[in-house]
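# Fold and contact review
Next come the chains, spelled out residue by residue.
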Amino acid sequence: MNATPPAAAPHPLSLRINGQAHTAIVDAWVTLLDLLRDRLQLTGTKKGCDHGQCGACTVLVNGRRVLSCLQLAVMHEGSDITTIEGLARGDVLHPMQLAFLEHDALQCGYCTPGQVCSAIGLVNEGQASSLDEVRELMSGNICRCGAYVQIARAVADVALGAPPHESERARQPIVTGTVPA
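A brief report on the enclosed structure follows.

Conventions we followed
- Residues numbered from 1 in each chain as written.
- Predicted model: local features only at pLDDT ≥ 70, side-chain atom pairs only at ≥ 80, totals over all residues.
- Heavy atoms only, no water.
- Pairing = 2+ DSSP bridges.
- Helix = DSSP H or I, 4+ residues; strand = E, 2+ residues; numbered from the N terminus.
- Buried < 20%, exposed > 50% of the residue type's maximum accessible area, 1.4 Å probe, protein only.
- Axes fitted to C-alpha atoms, helices over the stretch in contact; angles between N-to-C directions.
- Left-handed = near helix turned anticlockwise from the far one by under 90°.
- Contact = heavy atoms within 4.5 Å.
- Nonpolar A, V, L, I, M, F, W, Y, C, P; charged D, E, K, R; others polar.
- 1 Å grid on protein atoms, 1.4 Å probe; cavity = no way out; pocket = protein on both sides within 12 Å on 5 of 7 lines; lining within 4 Å.
- Points joined across faces, edges and corners; volume = space filled by probe spheres on them.
- Core = buried A, V, L, I, M, F, W, Y, C linked by side-chain atoms within 4.5 Å.

### Details of the pairing of strand β4 (residues 64-67)
As judged from the four bridges shared by strand β3 (residues 58-61) and β4, these two strands associate in the antiparallel manner. Counterpart to V61 in the pairing with β4 is R64. In textbook terms, the turn of a hairpin is the stretch between consecutive antiparallel strands, and for β3 and β4 this stretch comprises two residues, one of which, N62, has a positive phi near 55°.

If you want it as structure tokens, here you go:
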């Protein structure tokens, strides 16, 4: 009864990453993040917390934003994956990348790839109709440098069109002794 359980067999995997077909043989426990960074050398996607709490690893899978540290690579057989490296077309930056530059929406840059991919996913989802909604829908991406104001404005420019993007909170009166919700 001391039989060793059989080792899990590696899985063949085919997917499109940044418009190119890729095949790999991966163990069942390899995350999408580790496949991208360690096996395919696409290091633009960052490993932050590795627990799905910071958003640094956000990529687009079939146009939707996902936390690649929480996704097993084998879950994405046949998927179309876009990382920060796949957004620009040659020397022409994606409109979201341009907006981040125009608004100086980055400081150290570590979170920026995840922020940009999340922002593009937000635009694809079409749920944001105000600056406050942009802020809420981007709240899963942490920026330790605190560039949130610039990030929200950059995303709003692409998602909502030209400014001004007035915040609902800005129109509410400030009552001394209270904390805004």
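### Let's talk about the environment of E166
Secondary-structure assignment places E166 in the loop between α5 (148-160) and α6 (168-171). On the basis of relative accessibility, which here comes to 47%, the residue E166 falls in the partly exposed class. When the C-alpha atoms of E166 and L131 are compared, they prove to be 6.6 Å apart, with 35 residues separating the residues in sequence.

### Observations regarding the packing of helix α3 (residues 112-125) against α5
Across the interface, α3 lies against α5 with an axial gap of 10 Å and an inter-helix angle of 35°. Here the hand of the crossing between α3 and α5 comes out right-handed. Listed contacts from α5 to Q115, A119, L122 and V123 of α3 are I151, V155, V158 and A159. Of the residues that constitute the contact of α3 with α5, the class distribution is seven nonpolar, one polar and no charged.

### Observations concerning the layout of surface pockets
Here the largest pocket is characterised by a volume of approximately 210 Å³. Forming the boundary of the largest pocket are 14 residues, of which Y110, C111, I142, C143 and R144 lie nearest the centre.

### With respect to the nonpolar core
The biggest cluster of nonpolar side chains holds 24 residues, and the ones touching the most others in it are M96, F100, V116, M138, I151 and V155. Secondary structure elements with two or more residues in this core: α2 (95-102), α3, α4 (131-137) and α5. Residues V59, V61, V66 and I81 belong to the second largest nonpolar core, which totals 14 residues.

### With respect to unusual backbone geometry
Positioned with a positive phi, N18 is a non-glycine residue whose angle comes to about 55°. The residue N18 is located in the loop between β1 (11-17) and β2 (20-26) in this model. Of note in the backbone geometry, N62 takes a positive phi value of approximately 55° without being a glycine. Residue position: N62 is located in the loop between β3 and β4.

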